[in-house]
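Coordinate analysis (summary)
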Amino acid sequence: MLKSLLRHSAITVIAFVLVFLFAFTAYKMPFMSPIAEAIKDFDMTDVYYQILQDTADEDEEYSEEVSIVDISDLYSRRDLAEALQKIENCEPKVIGVDVVFEGLKEDSIGDDMIAEVALSNDNIVFSYKLLDYVNDSIGHATTVHSFFAQEEGNVTEGFTNMPRNLYGGIKRKLTLGERAEGKDAPSFIAMTVAMYEGRKIDKVSTKELGINFTPRRYHIISPDSIAAHPEYIKGNVVLFGAMREEYDMHYTPLGKIAGTELLAYAIETLMDQSEVVKVNPWVTAIVLFLIVLVTQIIFSRYAMFAQRRSNRVLRIILSASFIKGYLMFFWIGLWMWLTFVLFYMKNFTIDMGMALAAMALLGFAQSIYDEIIVTLIQKQDGK
């Protein structure tokens, strides 16, 4: 029994070694860089979200907590100020402004109007930008604020920086805080949720929030129809930003979406405490090894079962490679379904990518193991 378990364990280890060798080769060989990028940017949750998106009902309910006012067609600060005031008249709980009003413009009336709205309402969170990243201790050396936020305490702000690979990769996480000018600074999403919940941020968290991208819809309101839809605004978080593609788009597990909508998903994740949590890497490694080991044992037992059939035709059919391939396909599908259920029910995910690849290579790993054993036996007999 112990000898058999050691054999299966050795084959499992070889399968994982093959996977690591393939991944290492993909990272080191320039001509395989597209494969390396695909491996690096892959996450099992992307598959889960696509399943949810493909099976979503066309009449899916809209978010009851977050709405978006699309300002893509507003170009002057007068118009922006008027739109903000219209939103205020509908009594939102929080307005999150995904715009940085840098410097004064030639339109001094527009400047005065936007400043008046900003300084006369205490339920608005304005965004600002972090620039010139130095190191983990200092963080960003420069901050860019709206012109009316020069004096500390005048307005409530939070940075809206995306991860530093701004134009690359899929956005799955946003930070709740970053280092800026040597201090911890809360993000736009952290400040918006804190204001919505009526609390202050005493200690800034710099953890990354695993955004829950379970497909949902947001009421997107044009500035002209704000007064006509107070039901989408009253008591809600209202995000004030551009939704048109040419302004600010990011790749996510749901495809390309506007930065304001990405903030909406992050804010709702934090509000509902529905963050996607990944299993600890060490626990993941142990679980994946055990899953592949069990797979190796089961398929080894199946091979023995097939070889013991007295009927020659049945023995040939059950031992055929395509039959084993089909069985492995369904077995892998079963594990993907089980992990999907875990994700769907508990917002919990375990990265099965390495295990699935190792399962697919178990047959090759067993051939290598058998060849090694034969070689060792021959050397032993030669002595």
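Refer to the preceding data block for the structure.
So, a few notes on the structure that sits alongside this text. (Residues numbered from 1 in each chain as written. Predicted model: local features only at pLDDT ≥ 70, side-chain atom pairs only at ≥ 80, totals over all residues. Heavy atoms only, no water.)

Quick word on the packing of helix H6 (residues 188-196) against helix H7 (residues 259-272)
- Close contact between H6 and H7 brings their axes to 9 Å; oriented N to C, the two are set at 50°. Classed by the angle they form, the pair H6 and H7 counts as oblique. Both H6 and H7 take part in a crossing whose hand is right-handed. Side by side, H6 and H7 meet where Phe188, Ile189, Ala190, Thr192, Val193 and Tyr196 of the first sit next to Leu263, Ala266, Ile267, Leu270 and Met271 of the second.
- The residue inventory of the contact of H6 with H7, partitioned by class, reads 10 nonpolar, one polar and no charged. (Axes fitted to C-alpha atoms, helices over the stretch in contact; angles between N-to-C directions. Helix = DSSP H or I, 4+ residues; strand = E, 2+ residues; numbered from the N terminus. Parallel < 35°, antiparallel > 145°, perpendicular 65-115°, else oblique. Left-handed = near helix turned anticlockwise from the far one by under 90°. Contact = heavy atoms within 4.5 Å. Nonpolar A, V, L, I, M, F, W, Y, C, P; charged D, E, K, R; others polar.)

Observations regarding the pattern of salt bridges
- Within the structure shown, the criterion is met by 12 salt bridges.
- The closest approach of N and O atoms between arginine 216 and glutamate 268, which form a salt bridge, is 3.5 Å. Of this pair, arginine 216 sits in the loop between strand E9 (208-210) and strand E10 (217-221) while glutamate 268 is found in helix H7, placing the two residues 52 residues apart along the sequence. Both residues of the pair, arginine 216 and glutamate 268, count as buried. (Salt bridge = Lys/Arg side-chain N within 4 Å of Asp/Glu carboxyl O. Buried < 20%, exposed > 50% of the residue type's maximum accessible area, 1.4 Å probe, protein only.)

Focus on the packing of aromatic side chains
- Tallying each qualifying case throughout the model produces 15 aromatic pairs.
- A ring pair is formed by phenylalanine 101 and phenylalanine 148, whose centres lie 6.0 Å apart and whose planes are at 40°; its orientation type is tilted. Here phenylalanine 101, found in the loop between strand E2 (94-97) and helix H5 (108-120), pairs with phenylalanine 148, found in the loop between strand E4 (139-144) and strand E5 (156-159); they are 47 residues apart in sequence, far enough to count as distant.
- Of the residues examined, phenylalanine 101 reaches a relative accessible area of 2% and is grouped as buried.
- Phenylalanine 148 sits in the buried class, given a relative accessible area of 6%.
- An angle of 80° between the planes, with centres 6.0 Å apart, marks the rings of tryptophan 331 and tryptophan 335 as edge-to-face. Here tryptophan 331 pairs with tryptophan 335, and both are found in helix H10 (residues 321-346), just four residues apart, close to one helical turn.
- Judged by relative accessible area, which is 17%, tryptophan 331 ranks as buried.
- Three or more aromatic residues joined by ring pairs form one cluster here, namely Tyr48, Tyr49, Phe213, Tyr218, Tyr265, Phe340, Phe343 and Tyr344.
- It is lysine 93 that lies over the ring of tyrosine 196; its NZ or CZ is 4.8 Å from the centre. (Phe/Tyr/Trp six-rings, centres within 6.5 Å; stacked < 30°, edge-to-face > 60°. Lys NZ or Arg CZ within 6 Å of the ring centre and 35° of its normal.)

Notes on unusual backbone geometry
- Its identity as a non-glycine residue notwithstanding, aspartate 132 has a phi of 60°, on the positive side.
- Owing to a relative accessible area of 49%, aspartate 132 belongs among the partly exposed residues under this scheme.

Quick notes on a nonpolar patch on the surface
- There is a patch of nonpolar side chains on the surface, built from Phe322, Tyr326, Phe329 and Phe330 and spanning about 540 Å² of accessible area.
- With respect to the secondary-structure elements, phenylalanine 322 resides in helix H10. (Patch = residues over 30% accessible without salt bridge, like charges linked within 9 Å, V, L, I, M, F, W, Y side chains within 5 Å. Areas by Shrake-Rupley, 256 points an atom, 1.4 Å probe, with all protein chains shown as cover.)

Focus: the nonpolar core
- Within the largest apolar cluster, 62 residues are counted, with the highest numbers of intra-cluster contacts made by Leu239, Met352 and Met359.
- Among the elements that line this core, the one with the most residues is H7, at eight residues.
- Sequence-distant contacts of methionine 352, defined by excluding residues within four places in its chain, comprise Met44, Leu288, Ile291, Trp335, Thr339 and Met359.
- Ranked by size, the runner-up nonpolar core spans 29 residues in total, among them Leu80, Ile87, Ala115 and Val155. (Core = buried A, V, L, I, M, F, W, Y, C linked by side-chain atoms within 4.5 Å.)

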